[in-house]
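The lines below spell out each chain.
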Amino acid sequence: MSINNAGLLMYDLMSELYPICRSITGDGFRESLKILQREIPIEIHEVPTGTQVLDWTVPNEWNIRDAYIKNSAGDKIVDFKQSNLHVLNYSTPIHEKISLAELKQHLFSIPEQPNWIPYRTSYYRENWGFCVTHRLLESLAEDEYEVCIDSTLQAGHLTYGEYFLPGETADEILISCHSCHPSLCNDNLSGMVLATFLAKSLQAAPRRYAYRFLFIPGTIGSLTWLSRNEDKVQNIKHGLVVACVGDPGKSTYKKCRRGNAEIDRAVIHVLQHSGQAFEIQEFSPYGYDERQYCSPGFNLPVGSLTRTPHGRYPEYHTSADNLDLVQPEYLADSLSKYLAVMDVLEHNKKFLNTNPKGEPQLGRRGLYSALGGRKDSNQYEMAMLWVLNFSDGEHSLLDIADKSGIAFSALREAAKALSDCGLLIET
Amino acid sequence: MSINNAGLLMYDLMSELYPICRSITGDGFRESLKILQREIPIEIHEVPTGTQVLDWTVPNEWNIRDAYIKNSAGDKIVDFKQSNLHVLNYSTPIHEKISLAELKQHLFSIPEQPNWIPYRTSYYRENWGFCVTHRLLESLAEDEYEVCIDSTLQAGHLTYGEYFLPGETADEILISCHSCHPSLCNDNLSGMVLATFLAKSLQAAPRRYAYRFLFIPGTIGSLTWLSRNEDKVQNIKHGLVVACVGDPGKSTYKKCRRGNAEIDRAVIHVLQHSGQAFEIQEFSPYGYDERQYCSPGFNLPVGSLTRTPHGRYPEYHTSADNLDLVQPEYLADSLSKYLAVMDVLEHNKKFLNTNPKGEPQLGRRGLYSALGGRKDSNQYEMAMLWVLNFSDGEHSLLDIADKSGIAFSALREAAKALSDCGLLIET
Amino acid sequence: MSINNAGLLMYDLMSELYPICRSITGDGFRESLKILQREIPIEIHEVPTGTQVLDWTVPNEWNIRDAYIKNSAGDKIVDFKQSNLHVLNYSTPIHEKISLAELKQHLFSIPEQPNWIPYRTSYYRENWGFCVTHRLLESLAEDEYEVCIDSTLQAGHLTYGEYFLPGETADEILISCHSCHPSLCNDNLSGMVLATFLAKSLQAAPRRYAYRFLFIPGTIGSLTWLSRNEDKVQNIKHGLVVACVGDPGKSTYKKCRRGNAEIDRAVIHVLQHSGQAFEIQEFSPYGYDERQYCSPGFNLPVGSLTRTPHGRYPEYHTSADNLDLVQPEYLADSLSKYLAVMDVLEHNKKFLNTNPKGEPQLGRRGLYSALGGRKDSNQYEMAMLWVLNFSDGEHSLLDIADKSGIAFSALREAAKALSDCGLLIET
């Protein structure tokens, strides 16, 4: 599977998931996980309504069949079947005739983007409403309107998916993506398909680390997983929250709360050597589920690698976050960076130079060009010299990469050659 | 008392103090303290001449009634009664007739500013002299001049004022201003009136800290206080030297010797959030009495918050440092910054998030907006999230302010709300 | 000996050394050391071929009498006697007639610089060759060529020179220069003559440190010295590798592996106060013999102070690195910087302020101007105040220089004055 091909396959999978009306609970979430199960063996967990999860309680389960607004002439002027964003997510059921004034109390639009439907939710306070284009809202005449939301909000379950890929050690890398948004592509169908294809790639080869992939509803899902798995938390050595990985914007990394964790340094290294523009953000306690993983009682080394972050692109949380915004090439590029980060983490080790006094004679070992007097050593020789000089038991390959400005992959290759001839041993 | 009103009152008080001829000892200093005693209950200390204070000795007391230079026609061409700057401060008495050549040995002027009178002193080497405009000096013809300085320099006392405002704890904040300059407004009548009004403001409400206000002669005064109060020094947790706080220049903070003390961080925070230009200077062992407080044997966390620092404005130590240079609005602005710094110090505490695993559900406590999907959380919610995330017992509110870029006052308000509902306890 | 005169003398000495064909072993190296022995009493060491030195083995000794290429008409078209760069250094002997095609396998030139002869070596793989201008190479017609290299490569010795100048303590400063290059001026005849004149200057006065000057073949020479002197390595407290010190480029300092050693800070201080442009480079495990001194098993605080570093000037390792490129004024300037660095190291001590509480009264000790009120203290007074304030047993004079921005020499003078009147004692 080439990266470009992976981009196309991720885009196709996203397209299949796009029409489904997901929420933090309900059948849309279950249906989405079942589609992903065709790709990787995700385990599905069901947690009953009312379960206490840390400071929170699992809410009622929400399901919806249909919703519309009709004018007095019987025309459906708003139709859930045309876009599931039209319904305020978690709306309670209603079927009434009401005046324009009353209707307007329950309409949400974006005046600055009159042709886009906003995405709004009301998970924890019972309410009903419709999200509409501002153009439509402005056009509404005095009339009697029939509003219908055919939903249920009652005891049920919170659903989440988990795929645990064992490694050679008990140490884990956590990959978490919120999977609760309805027809929104970048946020976060892009994250769901990237996590899926990252898992497919990683399971194909031996791994030092175990990998845990979580497909969860935002906030309540990470709280639920943390609440049920406090014993496993200590195994998580690194982690990334995956979201907004399919838009054309530059890659953006938000550091974990610790601020200089190995995951932070690995991602920054990969972005610095990507040849592309990128942005690094300090941790802040806002955003996606890193808020929970990085809460002070857990303080996990979990950052977030996105393209344009949440709230910073105009299409964010609107109907314009669609299959046009996200493109296969950006999904592919994001996946390649995630794979490069995992490669750094997998191979970031400390070595010991077995011949630390003076340089070993690389020439007689066939590792060095014989003709002297040249202006500069080549990149491969430089990588060997850097690895030898700083393999003192204190510096990892990533430390050496940071010091030298040489790509991790080149240092890793040099370390392999030096290890093969006994000049280096792993500590 | 509004800040603007305080500016006017400080200006009026400064205007009353302006004509008095102060020096490092003498009746002018006493008279000035008595005027300030109308505002706050300053205690006046008298230390006899000859008292050993650290490496120094309290000098003779200097007093002056009059001084003039007359030409042979009997015209007073220089008159102390017109400006007390005309006399070299600490001049020994003299009444003689002398030639122009001899007179010129005792005249000081500023060639670059021919209309200004310089301010010069000779505290520790007996001398007499007159400070004149360069214009006058240039106009002097060959003549016999009558010079008269009707001063006394003899055993007496060094006088200083102290106002101790107790707090809930024994920890102290030191506010020190040199009060020994004659008719010079910015340096340092502005500091004397600001310290006075700062005291008036602080005494009106409960305080965690005790505040110690010192009105002292420069150098010898701080040495005297330190010498007599070595047992109290350990209580000083923060301090500021107040000077040059009434000119139009931008606020300037000179750090204490420690360089990253809480006082340094508090002042820098206030200036960063002032919406105005400002300047931060590293500590140097030159300037005002911070030189003594920050000598290595004391090394107190005492910085200096001024507007344009000493020596950096052309009017410095000249007759142009007058009631035109200093204006009520700048005094008021400086006072507001001092008050803001004290507010930070008073409320800079560490808290512990009582629900550190995952975020607490703010919504059900009425602390959070219910409608999801918005682009950004508001400032108040952000303040709560920052306080919760970093209240791990390690970070003070000022630490969190530095990390978040949020104003201390907003974090303090958030901490209050979170404490009120039990989500935070003070450590 | 003035610095300017030293520049001329260094240039003359370099001119005398220039024609000699040096290599990493052989009589050219010995002859060069004998010339230097006229200036300083260098001890000459001979290490037999085959001696194991750390991971390396001392190679066969190479000597050469003559070499040329003749065309079929008998014209010498390449002649070792015109430039010893014409022979691939360490060429094995040959005397044959060969075709143009075969000859070209053994010719080295620089296409981008068609009039310059390159410098190439083949120390550790037996080979023969000629280095020629690209102009000549391009002009060669089909012909039978007589190639003759009258060299020997057989068991003998590696030669190096060492001059140990004792100091008051056992602590040493290492000055090392590679001395193995044939007719190349900047790299590294300039280093050899600078090291020689540095030694001449230092031996003229008492020294806290001992100084060890090494004149060695590059790489194999430093490995040999380190291998034979492991017991002395611990005495080396600071060191510099001297090379490329005679070209017009700006001074460049490459830090030692430790990165913030005293030698690093001393050199940076000198360059910062030189009033000239300069460049600071982080350590990298490439370059000259600092590669060996800074190998992880030794990790000595040895940096390298050059002008334009190796490989960064177009004349590097070509016949254009000649007596025109290097000039007396640049040699003199480099020497003055080396001397300034040694002066910092010799006098960088920590003092204790004996009067740490408040400032001591400098005036009554005659150390301070008596007239108050001036805008600024002068530089000498500032130096005294800085030294007094930071002589707390923690800060060396160099630390204080870094903090204050004041030149080390001024602080040293202030420390002397303060020590003389008992206000400072050495810790």
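See above for the structure.
Nothing here was measured: the structure is a model prediction, and the numbers come from that model.

Novice: In this structure, what is going on with the overall build of chain A? I would like to understand it.
Specialist: Per the secondary structure count, chain A includes 12 helices and 19 strands. In terms of overall dimensions, chain A has C-alpha extents of about 90 × 45 × 35 Å along its principal axes. Counting every position in chain A, which comprises 427 residues, the buried fraction comes to 62%. Here the analysis covers contacts within chain A between residues at least 6 apart in sequence; of these, 80% occur between residues at least 24 apart. Distance from the positive charge centre (40 side chains) to the negative charge centre (53 side chains) of chain A: 6 Å.

Novice: Looking at this structure, I do not really get the relation of the copies chain C and chain B. What am I missing?
Specialist: Both copies of the chain are related by one operation, a rotation about an axis with a shift along it. Relative to chain B, chain C is turned by 120° and slid 0.0 Å along the rotation axis, the superposed coordinates differing by an RMSD of 0.1 Å. Those values place the two copies in the arrangement expected of a three-fold rotation axis. For chain C, the minimum C-alpha distance to the rotation axis belongs to Asn 260 of chain C and amounts to 13 Å.

Novice: Could you clarify how one ought to interpret the interface of chain C and chain B in this entry?
Specialist: Accessible area lost upon the coming together of the parts serves often as the stated size of an interface. Listed as interface residues are 26 residues of chain C and, on the opposing side, 30 residues of chain B. Here chain C and chain B share an interface that buries about 2400 Å² over both sides, 51% of which is from carbon and sulfur atoms. At the junction of chain C with chain B, the criterion picks out 5 salt bridges. The shortest N-O distance in the salt bridge between Asp 392 of chain C and Arg 257 of chain B comes to 2.9 Å. For the pair chain C and chain B, the interface holds 13 residue pairs in polar contact (both at pLDDT 80 or more). A per-element tally of the side of chain C that touches chain B places helix H10 (residues 379-390) of chain C first, with 6 residues.

Novice: Which parts of the structure should I look at to understand the sheet that holds strand E11 (residues 172-178) of chain C?
Specialist: Strand pairing in a sheet is mediated by backbone hydrogen bonds. Such pairs are either parallel or antiparallel. All names here are of chain C. Taking strand neighbours across the sheet as the criterion, the 8 strands line up as E1-E10-E12-E11-E13-E16-E14-E15 in an open arrangement whose pairing is mixed. The two strands at the open ends of the sheet, each matched to only one other strand, are strand E1 (43-48) and strand E15 (278-281). Within the sheet, the average angular offset between the axes of one strand and its neighbour, ignoring direction, is 20°. Here strand E14 (residues 251-254) pairs with E15 via 4 bridges, running parallel. Across the sheet, the residue bridging to Tyr 253 is Ile 280, located in E15.

Novice: Just checking my understanding: could you explain the sheet that holds strand E19 (residues 424-426) of chain C for this structure?
Specialist: Residue and element names in this part refer to chain C. Spatially, the 3 strands line up as an open sheet ordered E18-E17-E19, and their pairing is antiparallel. Looking at strand neighbours, the two that pair on one side only are strand E18 (392-396) and E19, the edges of this open sheet. Strand-to-strand, the axes of this sheet are offset by a mean angle of 35°, without reference to chain direction. Bridge analysis of strand E17 (residues 350-353) against E18 gives 2 bridges, and the strand direction is antiparallel. Paired with Lys 350 across the strands is Ser 396, a residue of E18. Where helix H11 (residues 397-404) meets the sheet, its contacts fall on E17 and E18, and the angle it forms with E18 comes to roughly 70°.

Novice: Teacher, can you tell me more about unusual backbone geometry here?
Specialist: A negative phi angle is the norm for most residues apart from glycine, just as the trans form is the norm for most peptide bonds. All names here are of chain A. The omega torsion across Asp 187 and Asn 188 is 15°, close enough to zero to call that bond cis. You can see Asn 188 is positioned in helix H5 (residues 185-202). For Tyr 90, which is not a glycine, the phi torsion comes out positive at approximately 80°. Turning to its location among the elements, Tyr 90 is positioned in the loop between strand E5 (76-79) and strand E6 (94-99).

Novice: For this particular structure, what's the right way to read empty space enclosed by the protein?
Specialist: Where empty space is left in the structure can be found by rolling a water-sized probe over the atoms. For the structure shown, the criterion picks out 3 cavities of 30 Å³ or more. If you trace the largest cavity, you find it lined by Pro 285, Arg 291, Ser 295 and Pro 296 of chain A together with Asn 353, Gly 358, Glu 359, Pro 360, Leu 385, Leu 388 and Asn 389 of chain B. The biggest single contributor to the lining of the largest cavity is helix H10 (residues 379-390) of chain B, with 3 residues.

Novice: Honestly, the interface of chain A and chain B in this entry has me stumped. Any pointers?
Specialist: Contact residues are listed per partner, giving 31 residues for chain A and 26 residues for chain B. Between chain A and chain B, a total of about 2500 Å² is buried, with carbon and sulfur atoms accounting for 51% of that surface. Three residues stand out in chain A for area buried against chain B, namely Asp 55, Pro 285 and Tyr 286 of chain A, and they jointly supply 27% of the buried area on that side. At the boundary of chain A with chain B, the tally comes to 13 residue pairs in polar contact (both at pLDDT 80 or more). Looking at the side of chain A that touches chain B residue by residue, the classes come out as 16 nonpolar, 9 polar and 6 charged.

Novice: Hey, could you run me through the environment of Asp 66 of chain C in this one?
Specialist: All names here are of chain C. Looking at where Asp 66 falls in the secondary structure, it is placed in strand E4 (residues 61-70). Residues Asp 66 and Lys 81, spaced 15 residues apart in sequence, show a C-alpha to C-alpha distance of 6.9 Å. When sequence neighbours within four positions are dropped, the list of residues in contact with Asp 66 reads Lys 76, Asp 79, Phe 80, Lys 81, Cys 148, Ile 149 and Asp 150. In terms of polar contacts, Asp 66 uses its side chain to reach the side chain of Lys 81, at 2.8 Å.

Cut-offs applied
Here the residue index of a chain counts from 1 through its sequence in written order. Key to labels: chains lettered from A, ligands numbered from 1, both in the order written. Given that the model is predicted, a residue must reach a pLDDT of at least 70 before its local features are reported, and side-chain atom pairs must reach 80 or more before they are shown or counted; all residues, however, enter totals for whole chains, interfaces and linings. Based on all heavy atoms of the structure, the side-chain values leave hydrogens and waters out of the count. Strands here are runs of E lasting at least two residues and helices are runs of H or I lasting at least four, both read from the DSSP assignment and numbered beginning at the N terminus. Exposure is judged per residue with a 1.4 Å probe applied to protein chains only, and the accessible area is read against the type maximum: over 50% gives exposed, under 20% gives buried, and values in between give partly exposed. Residue contacts follow a heavy-atom distance rule, with two residues in contact if any of their heavy atoms lie within 4.5 Å. A positive count includes Lys and Arg, and a negative count includes Asp and Glu. His and the chain ends are not counted in either. By convention, the charge on Lys lies at NZ, on Arg at CZ, on Asp at CG and on Glu at CD. A least-squares superposition brings the copies together, and it is based on the C-alpha atoms of residues with pLDDT no lower than 70 in both. Buried area is understood as the total, over both parts, of accessible area removed when two parts are fitted together, assessed with a 1.4 Å probe. A carboxyl oxygen of Asp or Glu within 4 Å of a side-chain nitrogen of Lys or Arg is what we treat as a salt bridge. We define a polar contact as two N or O atoms separated by no more than 3.5 Å, with the added condition that, inside protein, one atom must be a possible hydrogen donor and the other a possible acceptor, whereas residues neighbouring each other in sequence contribute only through side-chain atom pairs. At least two DSSP bridges between two strands are required for those strands to pair. Angles shown run from 0 to 180 degrees and are taken between the N-to-C directions of axes, each axis being a line fitted to C-alpha atoms and, for helices, limited to the stretch in contact. A pocket here means an open set of points on a 1 Å grid, computed over the protein atoms alone, that has protein on both sides within 12 Å along at least five of seven lines. A cavity is instead a set of points where a 1.4 Å probe fits but cannot get out; residues with an atom within 4 Å of a point line either one. Grid points are joined across faces, edges and corners, and a volume is the space filled by probe spheres set on the points. All residues other than Ala, Val, Leu, Ile, Met, Phe, Trp, Tyr, Cys, Pro, Asp, Glu, Lys and Arg, Gly among them, are scored as polar; the first ten of these are nonpolar and the last four charged.

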